[in-house]
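Residue-level listing of the chains:
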Amino acid sequence: MSAGPGFKPSELIFAPTGRCNLACAHCRVARGAAELSAEEAIAFMDDCLAGAEAGLPAVERVGFSGGEPFLRPDFLEAVIAAAVDRGLLFDRLMTNGDWWATEGELRRILGRVADVGFDGVLGLSYDAFHGQDRGRVEIFLKAWFEATGRRDGVEILSVRAEGEGGAEPGSLEDRAWVAELSRLAESLGGELEFAGGAAASDGAVGSVVGPAPASAAASGSYGGAEPQRIVDEARRRRKPADPDDGAGLSIPVLRFPRSYGADEAGSARAWSAQAWFEDDYCEGPGQLLYVHPDGGVAPCCGFANERPELILGHIRDGYAALMKAAARLPQPRACYELGLGARRAELEAAGVRFPGKTADICLFCDWLCSKGLN
Ligand code: SF4
Ligand code: SF4
């Protein structure tokens, strides 16, 4: 029985390389020697566009991930130019912002990417796990603002730091990192704003660096003060009728709990949720074609997307063949048609016992793949 929407990708994400200048503790990207060529990526883009004309789901956006995609500036330049030529829109270009050796190199590469027409969002992964130097992040962001002429084209994506005792938001380490974020905001000429509109100047950071209220750890926020965006006065003063000139500083901060893979030390913590995940048929990280550096294509950017059970085929197989694979392979079908919540109920009825309950749907997906329960 199909309860879900089925697999209908609307976006292409290219991961041109698995290489990265950082080595984050929570990274799950395979560091193989494979590198995606711009020619193959563009040919696949064309095949997807032709497929849409023949009745397959329309791919409308292009994004970039990795590894560190800025280690392949030629790839970015060529594929962005091709996407602009074809009238495609952009989603996020992910980066750790820390891949450059000199400011000259940084400005040159960012300038090329902006000049060739990238007008999507720069997704900056910045948190205690990445451990970037704040001063270098400031230089990176200012160079991006200069290259694009806007101060509102970046999002910070951030995994909450962990205390010694576990992944509790509000742990000392997390509060220290939020204080770091507040300092970054100041160095950019803005301030860190918290959920509910409280700002650093209202004393919110004081509560961040002080003892965490018991309610803060319980609610997953800082006593109702979860960091939400970096913003300046110019942006705050903006009116809806003002021109969209990108003059005001606005950087949304999106924070997530740490995810654990099925085979990873620490996954027991992720299996101790009070309630099961909400089955959304992978609406957030799904409905896209994620092209790995070796040309393998997964149906999502969820962290299990390197599992063989989720690989639909190779870009050289073509869009139509990949769509047929998505309709045939058990794990993509379980995710997009049956729903992993229903799959869980099926397995439970068949006597399968899980390590606990998890709120992380991708961990559940990863665990199913690791156990061959597809
Ligand atoms: S920056 Fe991203 S790709 Fe690089 S090591 Fe960290 S998590 Fe992995
Ligand atoms: S549940 Fe599986 S298919 Fe869905 S987004 Fe997560 S890893 Fe991808």
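Residues numbered from 1 in each chain as written. Chains lettered and ligands numbered in written order. Predicted model: local features only at pLDDT ≥ 70, side-chain atom pairs only at ≥ 80, totals over all residues.

**What about the overall build of the protein chain?**
Alright, step 1. Scanning the protein chain from terminus to terminus reveals 13 helices and 11 strands.
Alright, step 2. Split into buried and exposed, the 374 residues of the protein chain put 43% on the buried side. (Helix = DSSP H or I, 4+ residues; strand = E, 2+ residues; numbered from the N terminus. Buried ≥ 20, exposed ≤ 12 C-beta atoms within 10 Å, placed from the backbone.)

**Focus on the sheet that holds strand S9 (residues 286–291)**
Alright, step 1. Ordered by their spatial adjacency, 11 strands build an open sheet running S6-S7-S8-S5-S4-S3-S2-S1-S9-S10-S11, and the pairing between neighbours is mixed. In the strand order of this sheet, the two ends are held by strand S6 (191–194) and strand S11 (313–314), each with one partner.
Alright, step 2. The pairing of S9 with strand S10 (residues 296–300) spans three bridges and is classified as antiparallel. Paired with Gly286 across the strands is Cys300, a residue of S10. (Pairing = 2+ DSSP bridges.)

**With respect to the site of ligand 1**
Alright, step 1. Around ligand 1, the neighbouring residues are Cys20, Leu22, Ala23, Cys24, Cys27, Val29, Gly66, Gly67, Glu68, Asn96, Ser125 and His130.
Alright, step 2. Its residues placed into classes, the shell around ligand 1 shows six nonpolar, five polar and one charged. (Near = placed C-beta within 6 Å. Nonpolar A, V, L, I, M, F, W, Y, C, P; charged D, E, K, R; others polar.)

**Digging into the environment of Leu192**
Alright, step 1. Counting through the fold element by element, Leu192 comes out in strand S6.
Alright, step 2. With 28 C-beta atoms counted inside 10 Å, the residue Leu192 sits in the buried group.
Alright, step 3. Sequence-wise, Leu192 and Ile251 are 59 residues apart; in three dimensions their C-alpha atoms are separated by 9.3 Å.

**Structural notes on the pairing of strand S1 (residues 11–14)**
Alright, step 1. Taking every second residue as pointing to the same face, both faces of S1 are buried, with Glu11 and Ile13 on one and Leu12 and Phe14 on the other.
Alright, step 2. With four bridges connecting them, S1 and strand S2 (residues 61–64) associate as parallel partners. Pairing of Phe14 across the sheet is with Phe64, part of S2.
Alright, step 3. Traced from S1 through helix H1 (residues 38–53) to S2, the parallel crossover comes out right-handed.
Alright, step 4. Here S1 pairs with S9 via three bridges, running parallel. Among the inter-strand pairings, Leu12 is bridged to a residue of S9, identified as Leu289. (Right-handed = clockwise from strand over helix to strand, strands pointing away.)

**What about the site of ligand 2?**
Alright, step 1. Around ligand 2, the structure places 13 residues, and the nearest of them are Cys282, Cys300, Gly302, Cys362 and Cys365.
Alright, step 2. Among the elements of the structure, S10 and helix H13 (361–371) are those that each provide at least two residues to the shell around ligand 2.
Alright, step 3. Broken down by element, the residue count for the shell around ligand 2 peaks at three residues, all from H13.
Alright, step 4. Broken down by class, the residue content of the shell around ligand 2 amounts to 10 nonpolar, three polar and no charged.

**Side note on the pairing of S9**
Alright, step 1. Counting buried positions along S9 gives five out of six residues, so the element sits mostly inside the fold.
Alright, step 2. Linking two consecutive strands that pair antiparallel, namely S9 and S10, is a turn of four residues; a positive phi of about 90° is found at Gly295 within it.

**Quick word on unusual backbone geometry**
In most cases, non-glycine residues show a negative phi, while peptide bonds are predominantly trans.
Alright, step 1. A cis geometry characterises the amide bond from Gly66 onward to Gly67, with omega recorded as 15°.
Alright, step 2. Structurally, the position occupied by Gly67 is in the loop between S2 and helix H2 (73–85).
Alright, step 3. Here the phi dihedral of Cys282 falls at roughly 60°; this positive angle occurs in a residue that is not glycine.
Alright, step 4. Note that Cys282 resides in the loop between helix H9 (267–270) and S9.
Alright, step 5. For Cys282, a count of 24 C-beta atoms within 10 Å puts it in the buried group.
Alright, step 6. Backbone geometry places Gln287, a non-glycine residue, at a positive phi of 55°.
Alright, step 7. The residue Gln287 is located in strand S9 in this model.
Alright, step 8. The class for Gln287 is partly exposed, based on 19 C-beta atoms found within 10 Å.

**Considerations on the packing of H1 against H2**
Alright, step 1. Axis separation between H1 and H2 bottoms out at 9 Å; the angle between their running directions is 20°. One way to sum up the angle between H1 and H2 is to call them roughly parallel. As for how H1 packs across H2, the hand of that crossing is right-handed. Residues Ala38, Ala41, Ile42 and Met45 of H1 lie in contact with H2, whose contacting residues are Asp74, Phe75, Ala78, Val79, Ala82 and Ala83. (Axes fitted to C-alpha atoms, helices over the stretch in contact; angles between N-to-C directions. Parallel < 35°, antiparallel > 145°, perpendicular 65-115°, else oblique. Left-handed = near helix turned anticlockwise from the far one by under 90°. Contact = placed C-beta atoms within 7 Å.)

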